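# A closer look at the structure
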Amino acid sequence: MFKRNKKKDIVVAPEGSFRDIWRALIKNKRAVVGLIFIVVLVFVAIFADKIAPFGMTEQNLSNALQHPNGTHLLGTDALGRDVLSRILYGARVSVTIGISAVIISLFFGGIFGLLAGYYGGKVDTVIMRFTDVLLSIPSILLAIAIVASFGPSLMNLILAIGIGGIPSYTRIVRSAVMAVREKQFIEAAHAIGLSNTSIMIKHIVPNVLSPVIVQATMGVASAILSAAGLGFIGLGIEASVAEWGTMLSLGREHIRTHTYLTVYPGLAIMLTILAFNLLGDGIRDAIDPKMRD
């Protein structure tokens, strides 16, 4: 199951594990569908300015509130802006928010969880009590408070969602570290005199990545949904910037006569979240040998 590293004389995980996980993942049809959608979404986000038929802020009031037609495939909004183009540009905003917020949550939550799980004692007590305080505040309310205090902007939105996600990553990493630190290869690392920092970075972190990757994948979906929710209540980013939640909010005024203004951004949000959840479930099943076919 494990092999010995000749240079350090420490037992490490087998190199083939990631290959096995990938093979199990691509056998999961739902996960593959989610992965393909995410790859296409990222491609659209990167090349939105090349793919979109119109500019993100390009408007023509004479074309306002046009139903889907040959020129504007998904219609236009109240300012004559092309809905399809804004959805494509909105993918860039949503992907940026989702990934950036998860990076913030994972970075700080990972450090806190690693320190709490490895050292235990007073360090664990202080970190976990701080985490409990954050957990006592619903993440969406914390995000609303931060954005309302500092004003709506892309950076404030990312920080608000990222801070709200720190406690969950702290708990997940802490639990994983506590399980790994008692393993024989960690004891071997202590026995040959490796420093705590070296043990944590080289031997503990690689062995706790599995649950973190699953949480991060689903965390992107949660971050996108939170951003859409904040945008819907007017606490997202500037209205001129294409963001799916903001588009929903602007379209609700015409929902009876121009349903497409809310249907298409809503579908974009739903399909994106579904894709990340399918991929996250697939990664979880691929990592757990009991779930493999």
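For the structure given in this document, a descriptive report is provided here. Note on numbering: residues in each chain are counted from 1, in written sequence order. It should be noted that, the model being predicted, local features are given only for residues of pLDDT at least 70 and side-chain atom pairs only at 80 or more, the latter also being counted only at that level, while totals for whole chains, interfaces and linings use all residues. In computing side-chain properties, one takes all heavy atoms of the structure into account and sets aside hydrogens as well as water.

### Some details on the pattern of salt bridges
Pairs can form between side chains of opposite charge once their charged atoms are near each other. Salt bridge, as used here, is a side-chain nitrogen of Lys or Arg placed within 4 Å of a carboxyl oxygen of Asp or Glu. Enumeration over the complete set of coordinates arrives at 8 salt bridges. A salt bridge links Arg92 to Asp49; the shortest N-O distance between them is 3.5 Å. Placement of the pair is Arg92 in helix α4 (residues 83-119) and Asp49 in helix α3 (residues 48-51), with a sequence separation of 43 residues. For every residue, the accessible area (1.4 Å probe, protein chains only) is compared with the maximum for its type, and the residue is labelled buried under 20%, exposed over 50%, or partly exposed between those bounds. Relative accessible area serves as the criterion here: at 29%, Arg92 is assigned to the partly exposed category. Put simply, Asp124 and Arg174 hold a salt bridge, and the shortest N to O gap is 2.7 Å. You can see Asp124 sitting in helix α5 (residues 121-135) and its partner Arg174 sitting in helix α8 (residues 166-180), a full 50 residues away along the chain. Of the two residues, Asp124 and Arg174, neither departs from the other in class, the shared state being buried. Salt bridges linked by common partners bring Arg129, Asp132 and Arg171 together as one network. In this description a helix means any DSSP run of H or I spanning at least four residues, a strand means any run of E spanning at least two, and both kinds are numbered starting from the N terminus.

### Some remarks on the nonpolar core
Here the nonpolar core consists of buried residues drawn from Ala, Val, Leu, Ile, Met, Phe, Trp, Tyr and Cys, with membership extended through side-chain atoms lying within 4.5 Å. In this structure, Leu25, Leu41, Val83, Ile87, Trp244, Ile269 and Phe276 are the most contacted members of the largest nonpolar core, which totals 39 residues. In terms of residue count, helix α13 (residues 260-287) provides more of this core than any other element does, 10 residues in total. Counting residues in each nonpolar core, the second largest holds 18 residues, with Ile104, Val147, Ile161 and Leu230 among its members.

### Some points on the environment of Ala143
Looking at where Ala143 falls in the secondary structure, it is placed in helix α6 (residues 139-150). Classification of Ala143 by relative accessible area gives buried; the value is 3%. For the pair Ala143 and Leu159, spaced 16 residues apart in sequence, the C-alpha to C-alpha distance is 8.3 Å.

### Observations concerning a nonpolar patch on the surface
Each patch is assembled from residues with relative accessible area greater than 30% and no salt bridge, linking like charges that lie within 9 Å and nonpolar side chains (Val, Leu, Ile, Met, Phe, Trp, Tyr) that lie within 5 Å. The Shrake-Rupley method, run with a 1.4 Å probe, gives the accessible areas here. Residue values count only the displayed protein chains as cover. Nonpolar side chains collect at one region of the surface, where Phe37, Val263, Leu267, Met270, Leu271 and Leu274 lie side by side and expose about 480 Å² of accessible area between them. No other element matches the 5 residues that α13 contributes to the nonpolar patch. Following the sequence through the fold, Phe37 ends up in helix α2 (residues 29-46).

### Observations concerning the packing of aromatic side chains
Put simply, two rings from Phe, Tyr or Trp (the six-membered ring, in Trp's case) pair if the centres are within 6.5 Å, and we call them stacked under 30 degrees between planes, edge-to-face over 60, tilted for the rest. Taken as a whole and judged by the stated rule, the model has 4 aromatic pairs. A centroid spacing of 6.2 Å and a plane angle of 80° characterise the contact between Phe112 and Phe130, whose relative ring orientation is edge-to-face. Residue Phe112 is found in helix α4, and its partner Phe130 is found in helix α5; the two are separated by 18 residues along the sequence. With centroids separated by 5.1 Å and ring planes inclined at 90°, the aromatic side chains of Tyr118 and Tyr119 adopt a geometry described as edge-to-face. The buried category is assigned to Tyr118, whose relative accessible area is 10%. On the accessibility criterion, Tyr119 (40% relative accessible area) is partly exposed. Charge-over-ring contacts are defined here by two conditions on Lys NZ or Arg CZ: a distance within 6 Å of the ring centre and an angle within 35 degrees of the ring normal. Above the ring of Phe232, the side-chain terminus of Arg252 is found at 4.7 Å from the ring centroid.

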